[in-house]
Amino acid sequence: MTAKPGVTLSRLISIDAFRAIVMILMIFVNDLWTLIDIPGWLEHVSADADGMGLADVVFPAFLFIVGLSVPYAIESRRKKGDTNTTVFFHIVARTIALLVMGLFLVNSESYADNAILPKDVWMILLVAAFFLIWMAYKNPESLTVKLLRAGGVLLLAILAALYKTETGNGITAMGIHWWGILGLIGWAYFIASCVYLFSAGKPVIQVLALVFFMLFSSASFLDWLGPIESIKKYVWIAGDGSMPAFSMAGIITSIAYRNLSSANKKFWILMVLFAVVLIGFGLLTRPVWGISKIRATPSWTAICSGIGILGFLVMVYISDIRKVASWYNYIKPAGTSTLTCYLIPYIHYALIGLLGLSQLPEVMRTGVPGLFKSLIYALLIVSVTGLLEKRNIRLKI
């Protein structure tokens, strides 16, 4: 991997390595449902509880990393000569891709048992359609690739038509309940990217945007948004501001990282102070609305943003200060083909159901052995992603 002008190689490793670790943790916590008798602090906390487990921190960390990447991605396109309009349409295209994938995946959770296609078959075909449409083809303008992408779109349309779900009102078609993980990432990415793009990346505006989203989220929980409830559905901000807040915190951190050397004490002081302020706000306001991922409370948003900053600083210390980067090679696919890595488990779980394979023996899914099983599973998914990447099979949006 070669460094881009003005960007050191270690900086790219810092962000990619952080993304890889968070992706591994995401696969790990998503596999915890297969385990028995594991520590509660690893799992999601219920909606009515005040607190958070490891699983409640992973998604915010990923949104934070989305923000970390935005300045690099946009500035890279500007260096290639892209105008703001061109960059904006690229942002829109990526957002639509994430929204579409998120919409299909979230609907898969309530897929009816008596639908025409078995759910496992439907899921495998769904992921196949995603790859047909958004794979990183070598010759994207060739007729073959255009036909493959058209075939993927057609397959998505067929899967949407065949989709059925059972509700209290009977069997219904696919609909928008919530956007799913990928959809929420899409909305956060779109909002944060637009803020950065149209403000020319001015640090003050990024900070003001973060403050706005945090205040908007707080106002929502304080029931101050009553006068605009009727129009909120038309000008909705993902998570009432919490989702883009994570990405804005990432953008601010990324700007400081680009503009200040990691060897500069000012960078460390500013970032630690930034994290302390966010975590402090979260702890001080905890008695007001509590810490809750399910309800996306401002306290949860602030604390997890602070954790994201500290986590990234650890990566910077390891790669920039200590110059230790060889370990990253083992998990690199999770940082460079992240979307592919995220989708592979859907195929795996569907194949298990389709082939009627049983779970591993209970002793291997209980307690500490079970945790090792899920960690090994996550690393195996990364390895499979790496093998696919070597054969140019990876998603790129």
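It should be noted that the structure appears before, not after, this text.
The residue numbers shown here count from 1 along each chain, following its written sequence. Local features in this predicted model are restricted to residues whose pLDDT is 70 or higher, and side-chain atom pairs enter the listing and the counts only when it is 80 or higher, whereas totals over whole chains, interfaces and linings include all residues. Where side-chain values are given, they derive from all heavy atoms of the structure, hydrogens and water being excluded.

## Let's talk about the overall build of the protein chain
Argument step 1. The secondary structure content of the protein chain amounts to 14 helices and 2 strands.
Argument step 2. Taken over C-alpha atoms, the radius of gyration is set against a globule rule of 2.2 Å times the number of residues to the power 0.38. For 397 residues, the compact-globule estimate of 2.2 N^0.38 gives 21 Å, and the protein chain sits close to it at 21 Å.
Argument step 3. Dimensions of the protein chain along its principal axes, counting C-alpha atoms only, are 60 × 50 × 50 Å.
Argument step 4. Buried means the residue's accessible area, taken with a 1.4 Å probe over protein chains only, is under 20% of the maximum for its type, while exposed means over 50%, and partly exposed covers the values in between. Scored against the burial criterion, the 397 residues of the protein chain give a buried share of 49%. Under the DSSP-based scheme used, a helix requires at least four consecutive residues in state H or I and a strand at least two consecutive residues in state E, with every element numbered from the N terminus.

## So, the nonpolar core
Argument step 1. For the purposes of this section, nonpolar cores are sets of buried Ala, Val, Leu, Ile, Met, Phe, Trp, Tyr and Cys residues that join through side-chain atoms within 4.5 Å. If you look at the biggest cluster of nonpolar residues, it comprises 117 residues, and the most contacted ones within it are Trp-122, Leu-126, Phe-130, Met-243 and Leu-343.
Argument step 2. Ranked by the residues each element gives to this core, the list is headed by helix 2 (residues 55–79), at 14 residues.

## Brief notes about the pattern of salt bridges
Argument step 1. By convention in these notes, a salt bridge is any Lys or Arg side-chain nitrogen within 4 Å of a carboxyl oxygen on Asp or Glu. Evaluated as defined, the whole model comprises 6 salt bridges.
Argument step 2. The partner of Lys-373 in a salt bridge is Asp-31, with the nearest N and O atoms 2.9 Å apart. With Lys-373 in helix 14 (residues 367–390) and Asp-31 in the loop between helix 1 (9–30) and helix 2, this pair connects stretches of sequence that are 342 residues apart.
Argument step 3. What makes Asp-31 buried here is its relative accessible area of 1%.

## Some thoughts on the packing of helix 7 (residues 203–221) against helix 10 (residues 265–289)
Argument step 1. Across the interface, helix 7 lies against helix 10 with an axial gap of 13 Å and an inter-helix angle of 10°. By the criterion of interaxial angle, the relationship of helix 7 to helix 10 is roughly parallel. Residues Leu-210, Met-214, Ser-218 and Phe-221 of helix 7 lie in contact with helix 10, whose contacting residues are Phe-274, Phe-281 and Trp-289.
Argument step 2. Polar here means any residue outside two lists: the nonpolar Ala, Val, Leu, Ile, Met, Phe, Trp, Tyr, Cys and Pro, and the charged Asp, Glu, Lys and Arg; Gly therefore counts as polar. A breakdown of the residues in the contact of helix 7 with helix 10 according to their chemical character gives 6 nonpolar, 1 polar and no charged. Axis angles are defined between N-to-C directions and span 0 to 180 degrees, where every axis is a line fitted to C-alpha atoms and, for a helix, only to the segment in contact. Should an angle fall under 35 degrees it is taken as roughly parallel, and over 145 as roughly antiparallel, whereas 65 to 115 is taken as roughly perpendicular and any remaining angle as oblique. Every residue pair with non-hydrogen atoms within 4.5 Å of one another is taken to be in contact.

## Description of the side chain of Gln-206
Argument step 1. Along the chain, Gln-206 falls in helix 7.
Argument step 2. Overall, the relative accessible area of 0% leaves Gln-206 in the buried class.
Argument step 3. Distance and chemistry together define a polar contact, namely a pair of N or O atoms within 3.5 Å, with one atom able to donate a hydrogen and the other to accept it when in protein, and with adjacent residues in sequence counting only for side-chain atoms on both sides. Of the polar contacts made by the side chain of Gln-206, one reaches the backbone oxygen of Lys-202; its length is 2.9 Å.
Argument step 4. With residues up to four places along the chain from it excluded, the contact list for Gln-206 reads Val-195, Tyr-196, Ser-199, Gly-201, Met-248, Ile-251, Ile-252 and Ile-255.

## A word on the packing of aromatic side chains
Argument step 1. Within 6.5 Å between ring centres, the rings of Phe, Tyr and Trp (the latter by its six-membered ring) count as paired, and their orientation is classed by plane angle as stacked under 30 degrees, edge-to-face over 60, tilted in between. One pass over the full model with this rule turns up 22 aromatic pairs.
Argument step 2. Ring geometry for Phe-88 and Phe-198: centres 5.7 Å apart, planes at 55°, overall tilted. Placement of the pair is Phe-88 in helix 3 (residues 84–108) and Phe-198 in helix 6 (residues 180–198), with a sequence separation of 110 residues.
Argument step 3. The class of Phe-88 is partly exposed, set by a relative accessible area of 24%.
Argument step 4. By relative accessible area, Phe-198 is classed as exposed at 53%.
Argument step 5. Ring centres of Tyr-257 and Phe-267 lie 5.8 Å apart, and the angle between their planes is 35°; on these two criteria the pair is classed as tilted. Of the two residues, Tyr-257 sits in helix 9 (residues 242–259) while Phe-267 sits in helix 10, which places them 10 residues apart along the sequence.
Argument step 6. Looking at Tyr-257, the relative accessible area reads 0%, which means it is buried.
Argument step 7. What links up through ring pairs into an aromatic cluster is the set Phe-18, Phe-64, Tyr-257, Phe-267, Trp-268 and Phe-312.

## Some details on helix 10
Argument step 1. Expected helix span is given by 1.5 Å per residue-to-residue step, counting one fewer step than there are residues. Counted at 1.5 Å a residue, the expected span for helix 10 with its 25 residues is 36 Å, and the 36 Å between its end C-alpha atoms agrees.
Argument step 2. Its axis deflected by about 30° at Leu-283, helix 10 carries its strongest bend there, up to four residues before the proline Pro-287.
Argument step 3. Taken residue by residue, helix 10 has Phe-267, Met-271, Phe-274, Ala-275, Leu-278, Gly-282, Thr-285 and Trp-289 as its buried positions.
Argument step 4. Contacts made by the buried residues of helix 10 are with helix 7, helix 9 and helix 11 (298–321).
Argument step 5. The N-terminus of helix 10 is capped by Asn-264, whose side-chain oxygen sits 2.8 Å from the backbone nitrogen of Lys-266.
Argument step 6. Among the residues trailing helix 10, Gly-290 stands out with phi positive, at a value near 75°. Note that the bend at a residue is defined as the angle between axes fitted to the seven residues ending at it and the seven residues starting at it.

## A closer look at the environment of Met-243
Argument step 1. Within the secondary structure, Met-243 sits in helix 9.
Argument step 2. Each C-alpha atom, one on Met-243 and one on Val-363, is 39 Å from the other, the two residues being 120 residues apart in sequence.
Argument step 3. Contact partners of Met-243, with chain neighbours within four places excluded, come to Phe-59, Leu-63, Leu-184, Ala-188, Ala-238, Ala-296 and Trp-300.

## Some words on the packing of helix 2 against helix 9
Argument step 1. Helix 9 packs onto helix 2 with a crossing angle of 50° between their chain directions and a minimal axis gap of 7 Å. Here helix 2 is positioned oblique relative to helix 9, judged by the angle of their axes. Considering how the two elements wind past one another, helix 2 and helix 9 form a crossing that is right-handed. Facing Phe-59, Pro-60, Leu-63, Phe-64, Val-66, Gly-67, Leu-68, Val-70, Pro-71, Tyr-72 and Glu-75 of helix 2, the residues of helix 9 in contact are Met-243, Phe-246, Ser-247, Ala-249, Gly-250, Ile-251, Thr-253, Ser-254, Ile-255, Tyr-257 and Arg-258.
Argument step 2. Of the residues contributing to the contact of helix 2 with helix 9, the split by class is 15 nonpolar, 5 polar and 2 charged. Crossings are assigned a handedness: left-handed for a near helix turned anticlockwise from the far helix by less than a right angle, right-handed for a clockwise turn.

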